[in-house]
Amino acid sequence: MKASNKPIWTRNFLGVSFVNLIVFITFYSLLTTLPIYVIYELKGTEAQAGLVVTVMLLSAILIRPFSGNLLQRFGKRNVLIASTSLFAFTSLGYIWIDQFIPLMILRFLHGFSFAILTTTTSTIAAETVPLERKGEGLGYFTMFMNIAIVIGPFIGLTLIQFISFHLLFVILSTFVVISVICAWLVRLQSQPAPVGSQSQSQPKRKLSIHDFFEFKAVPFSFIISLVAFAYAGILSFISVYAIEVGLEQVSGYFFLVFAVTMLVSRPYLGRLFDQRGAKIVILPSLIMYSIGFILLAFSQSAWLFLVAAGVIGIGYGSLMPLFLSLATESVAANRTGHATATFFTLYDSGVAAGSFILGLMVPWMGFSNLFFFLAAFVLVILVSFQFLNNRVEVAKVKKVNVNKISG
């Protein structure tokens, strides 16, 4: 596959990328500081602190299936502006919240706008980058999100050492306004058909499951849900594991190393994906992902702990954009939004299921055995992907042969 000279860094691509960056910085900043806010400011319990995180993810899972239909009905730019504005508006709500139940309601509403917004930005990015450079382009796009994984917690956890939570919420809300400006800068050629403008020759049809899910995108989306299930072991337990093995002083550097290796490797792996295909990149990445968990299980020293972070960053780092590329390539152009919504619905579900199930496994397995289990689990993912990819390649060959015969 020859490399394309078509540009990736267009105005629209930059616009949605910066929207994603700002939104995820805010998301991760709140993700790491709100549990502290609940326990120390609202005098809540650890369980309530966990619920503040879970409820937003739950609402995101519930609304994502509707996102594709919203994009098709109202147009991507309109939904982008509306969802970014709603995200900014709900971000302002934290300034006045000082009780747990209203905070839970606000988090639930915040999850709605977050899910629609991130589905929209991913859909626009997938359609904006040249088809021949989709792996590379989506790698750059999700790189903005990975930068936020480092910047968001750093900003939040650093600021609350010097300022009040109230002032932190004011700063984050002001910051989010910039994302609304970036959303307005996006210009898309295609516009939605006016609501109610359905041709008289086409009878109105009832909503069906296809208005919410794109089943052609499910196979690769299911694989990424398994990847996310394993990743939940990192998100949920890495800081607790670091304390258990006496490495709490370097735990803050885990995601820094993780992000750096991800950012360095992703452009190269994205280009390799575009030029050589999925198997040549995804299979080694899954092997690296598995090795990273094994190293983590053995981590009793700071250097091995951070080496594990780097290996996991390389292994996991490119899987999301590459599987997103495969999922969106498998559908017609007018179903890209539905495919993206399906993809992230299953990804979020994988993280949510992983956080819950792995949390139940830790008490009787211990962290080291849990990471060994996840290393083996990733190898099962590898076999599943190999089986699925072989079926896809066979189907492509058959399609080419049929086209040659009919031609």
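Owing to the predicted nature of the structure, the values given are computational and were not obtained by experimental measurement.

K.L.:
Can you help me understand a nonpolar patch on the surface in this one?
P.N.:
A surface patch of nonpolar side chains, about 480 Å² in accessible area, is lined by L86, F89, L92 and W96. Position of L92 among the secondary structure elements: in helix α3 (residues 76-93).

K.L.:
Please explain the packing of aromatic side chains as it appears in this structure.
P.N.:
One pair of aromatic rings is described through two measures. These are the centre distance and the angle between the planes. A full pass over the atoms with the stated rule returns 31 aromatic pairs. Three or more aromatic residues link up through ring pairs in this structure, and these residues are Y231, Y241, F258, Y289, F293, Y316, F367 and F371.

K.L.:
Teacher, can you tell me more about the side chain of T121 here?
P.N.:
Looking at the secondary structure, you find T121 in helix α4 (residues 100-128). A distance of 2.8 Å separates polar atoms of two side chains, one belonging to T121 and the other to N20. If we ignore the near neighbours within four places in the chain, the residues touching T121 are V16, V19, N20, L80 and F141.

K.L.:
How should I be thinking about the confidence of the model for the protein chain in this particular structure?
P.N.:
When pLDDT drops low, the exact placement of atoms in the prediction is not to be read closely. Per-residue pLDDT for the protein chain averages 83, and the proportion of residues at 70 or more is 88%. Contacts of residues 193-202 to residues separated by more than four positions or lying in other chains number five contacts, the stretch itself having pLDDT below 50.

K.L.:
Can you walk me through the packing of helix α7 (residues 218-244) against helix α9 (residues 279-298) in this structure?
P.N.:
Where α7 contacts α9, the two axes come as close as 12 Å, and the packing angle between them is 25°. The pairing of α7 with α9 is recorded here as roughly parallel in orientation. With respect to the hand of their crossing, α7 and α9 are arranged in left-handed fashion. Facing V227, A230, Y231, I234, I238 and Y241 of α7, the residues of α9 in contact are L286, Y289, F293, L296 and A297. Split by residue class, the contact of α7 with α9 holds 11 nonpolar, no polar and no charged.

About the criteria used
Residues numbered from 1 in each chain as written. Predicted model: local features only at pLDDT ≥ 70, side-chain atom pairs only at ≥ 80, totals over all residues. Heavy atoms only, no water. Patch = residues over 30% accessible without salt bridge, like charges linked within 9 Å, V, L, I, M, F, W, Y side chains within 5 Å. Areas by Shrake-Rupley, 256 points an atom, 1.4 Å probe, with all protein chains shown as cover. Salt bridge = Lys/Arg side-chain N within 4 Å of Asp/Glu carboxyl O. Helix = DSSP H or I, 4+ residues; strand = E, 2+ residues; numbered from the N terminus. Phe/Tyr/Trp six-rings, centres within 6.5 Å; stacked < 30°, edge-to-face > 60°. Polar contact = N/O pair within 3.5 Å; in protein donor to acceptor, adjacent residues only side chain to side chain. Contact = heavy atoms within 4.5 Å. pLDDT = per-residue confidence, 0-100. Axes fitted to C-alpha atoms, helices over the stretch in contact; angles between N-to-C directions. Parallel < 35°, antiparallel > 145°, perpendicular 65-115°, else oblique. Left-handed = near helix turned anticlockwise from the far one by under 90°. Nonpolar A, V, L, I, M, F, W, Y, C, P; charged D, E, K, R; others polar.

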